[in-house]
Amino acid sequence: MKMRLWEADYVAKKLSCLDINFGNLKRNNLNVIIEPNDRFAYVGTKTGDIIEVNIDRAIYSRCGPSRKLLGQGVNCIALLPNGDLLAGSGDGTIAKLGSNLQIKASC
């Protein structure tokens, strides 16, 4: 998986990019959502997990859910006001994930 973090310098009228380091993690990403404070981005993958990326350091923080992945990939992600994530998967499952990226509830 290859992702880039783009930074715009409006004064100098320049655009620069920085590759995000995922180590040996290989995934196909489907969607991305960024927190309002621009600290973390959450990436939904085709394998059914969600990857948390630290934007300040341009590295991935963690990956979840660890026990039961979402079937047929994570098609959409929404960030709730309390910090939890709402994820919809390809098999029709809707799951609420806590701040630790583990499933709290699903239907």
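Residues numbered from 1 in each chain as written. Predicted model: local features only at pLDDT ≥ 70, side-chain atom pairs only at ≥ 80, totals over all residues. Heavy atoms only, no water.

Enquirer: If you had to explain the pattern of salt bridges to someone new, which residues and values would you point to?
Expert: Counted according to the given criterion, the structure contains five salt bridges. As a salt-bridge pair, Arg27 and Asp49 come within 2.9 Å of each other at their nearest N and O atoms. On the criterion of sequence distance, the pair formed by Arg27 in the loop between strand E2 (14-19) and strand E3 (29-34) and Asp49 in the loop between strand E4 (40-45) and strand E5 (50-54) is long-range, its members being 22 residues apart. Judged by relative accessible area, which is 24%, Arg27 ranks as partly exposed. Residue class for Asp49 comes out buried when judged on its relative accessible area of 3%. One salt bridge in this structure joins Asp84 and Lys104, with 3.0 Å as the shortest N-O distance. Remark: Lys104 occurs in strand E10 (residues 103-106) and Asp84 occurs in the loop between strand E7 (74-79) and strand E8 (85-89); sequence separation between them is 20 residues. Assessed through its relative accessible area of 55%, Lys104 is described here as exposed. (Salt bridge = Lys/Arg side-chain N within 4 Å of Asp/Glu carboxyl O. Helix = DSSP H or I, 4+ residues; strand = E, 2+ residues; numbered from the N terminus. Buried < 20%, exposed > 50% of the residue type's maximum accessible area, 1.4 Å probe, protein only.)

Enquirer: Please provide a residue-by-residue account of the sheet that holds E4, values included.
Expert: The four strands are arranged E3-E4-E5-E6 in an open sheet whose pairing can be described as antiparallel. The outermost strands of the open sheet, each flanked by one partner alone, are E3 and strand E6 (59-64). Taking each pair of neighbouring strands and ignoring which way they run, the sheet shows an average axis angle of 25°. As defined by bridge partners, E3 adjoins E4 across five bridges and the pair is classed as antiparallel. Opposite Asn29, over in E4, you have Thr45 as the bridge partner. (Pairing = 2+ DSSP bridges. Axes fitted to C-alpha atoms, helices over the stretch in contact; angles between N-to-C directions.)

Enquirer: Tell me what's going on with the packing of aromatic side chains, and back it up with residues and numbers.
Expert: Here the structure, examined in full by the defined rule, presents one aromatic pair. The interplanar angle of 25° and the centroid separation of 6.0 Å between the aromatic rings of Phe22 and Tyr60 together place this pair among those described as stacked. Taken as a pair, Phe22 in the loop between E2 and E3 and Tyr60 in strand E6 lie far apart in primary sequence, 38 residues in all. Here Phe22 falls in the buried class, since its relative accessible area comes to 4%. (Phe/Tyr/Trp six-rings, centres within 6.5 Å; stacked < 30°, edge-to-face > 60°.)

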